[in-house]
Amino acid sequence: LLFSALDSPVAHDLEPALVEAGFAVVSNSSAHREASDIPLVIPEVNADHLALLSPAAAGGFLVTNPNCSVTGLALAVAPLHRRFGIRRLVVATLQSVSGAGASGPRAMELVDNVVPFIDGEEPKLESELNKILGRLEGGRVSRAGIRASAHCHRVATLDGHLEAVSMELDGNPSPEEVRGTLEEFRGDVCDLGLPSAPERPIVVLDAPDRPQPRLDRDCGDGMTVVVGRIRSCPALGVKLELLSHNAVRGAAGGTLLNAELLAARGLLTEGAAA
Ligand SMILES: NC(=O)c1ccc[n+]([C@@H]2O[C@H](COP(=O)([O-])OP(=O)(O)OC[C@H]3O[C@@H](n4cnc5c(N)ncnc54)[C@H](OP(=O)(O)O)[C@@H]3O)[C@@H](O)[C@H]2O)c1
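Residues numbered from 1 in each chain as written. Predicted model: local features only at pLDDT ≥ 70, side-chain atom pairs only at ≥ 80, totals over all residues. Heavy atoms only, no water.

*Asks:* Any details on the overall build of the protein? Residues and values, ideally.
*Replies:* Per the secondary structure count, the protein includes 8 helices and 11 strands. Here the C-alpha radius of gyration of the protein, 18 Å, is about what a compact globule of 274 residues would show, namely 19 Å. Expressed as lengths along the three principal axes of its C-alpha atoms, the size of the protein is roughly 55 × 45 × 30 Å. Out of the 274 residues in the protein, the part that is buried amounts to 49%. In the protein, the share of contacts with a sequence separation of at least 24, taken over all contacts with a separation of at least 6, comes to 74%. Taken as a whole, the protein presents about 12,300 Å² of accessible surface, with 52% of it coming from carbon and sulfur. (Helix = DSSP H or I, 4+ residues; strand = E, 2+ residues; numbered from the N terminus. Rg over C-alpha atoms; globule rule 2.2 N^0.38 Å. Buried < 20%, exposed > 50% of the residue type's maximum accessible area, 1.4 Å probe, protein only. Contact = heavy atoms within 4.5 Å. Areas by Shrake-Rupley, 256 points an atom, 1.4 Å probe, with all protein chains shown as cover.)

Quick look at the structure:
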């Protein structure tokens, strides 16, 4: 079992070579997330997508986790898509500095400033969301068909991506119905006892000024998405704020949870995925 957190251009060639050599690779890199035969997985949301696995001759395979901003968004809106169906979604992100990795903006670029551009980020939000929330049909993922639009910003917080989301849902449910749906959600794998899985994948806060990165990013040891300010949206129907720890749930913690899911499904024993 190999964990990959390589830069995408490096992962693009190296990860398939490791798969060919017989390794199970769980990756945080974006290089292969969109490939139709590679699962893009958040265990609580779409563990069934592991059925896409097509092991190489030596038994290796690749499983990916989403972009850090997509992870929080997809986890928080998955129960709403499942229960009501999301037609349109607009998201504006306030993304922390650690999400940019070692080559991120210099400190001086972010003092007294917000950078309204993150290279390649908006298309990832718009596309990965539709793959994760897509349905497995006939051995393929049929994409969710949500018309999603993203605005991404780099801000001066250290960890934790805050996202402001407006949605048009089928049936136009009330904020109370939306809140109840999120509160009830435990996810598909809650009975597996995965060590890194939080007790509650989504926590809803009622205080009018939450979630906040400094106060809420460590909820569930950084594996819980915190949602707040669920209210009516005059433009699309309902809106909310969400916060997800980009370096835990959105990166290393998400990758680890995927490996734990593979182990629980018996896919890490020799030849098991064949
Ligand atoms: N930061 C986040 O919140 C986050 C969230 C989700 C996904 N991701 C994705 O995760 C990956 C890593 O992100 P990061 O923020 O940790 O980036 P990073 O700080 O730039 O780290 C990249 C790492 O890759 C290593 N590397 C580069 N080329 C290599 C090679 N040829 N062989 C072996 N190692 C090599 C680098 O090693 P050296 O230090 O020796 O150069 C460095 O440790 C990226 O694909 C990123 O898109 C990041």
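*Asks:* How would you summarise the side chain of Ser69 if you had to cite specific residues and measurements?
*Replies:* Along the chain, the position of Ser69 falls in helix H3 (residues 68–83). Classification of Ser69 as buried rests on a relative accessible area of 0%. Once residues within four sequence positions are removed from consideration, Ser69 is found in contact with Thr93, Gln95, Glu121, Leu125, His161 and Glu163.

*Asks:* Can you lay out the sheet that holds strand S4 (residues 86–95) for me, pointing to particular residues and giving the numbers?
*Replies:* The 6 strands lie next to each other as S7-S4-S8-S11-S10-S9, forming an open sheet whose pairing is mixed. The open sheet has two free edges, formed respectively by strand S7 (147–154) and strand S9 (202–204), since each of these has just one partner strand. Each neighbouring strand pair of the sheet contributes to a mean axis angle of 25°, computed without reference to strand direction. Across the face of the sheet, helix H5 (residues 121–132) comes into contact with S4, S7 and strand S8 (161–169) while running at roughly 145° to S7. Running over the sheet, helix H6 (residues 175–184) touches S8, S9, strand S10 (225–233) and strand S11 (237–244) and is turned about 165° from S10. (Pairing = 2+ DSSP bridges. Axes fitted to C-alpha atoms, helices over the stretch in contact; angles between N-to-C directions.)

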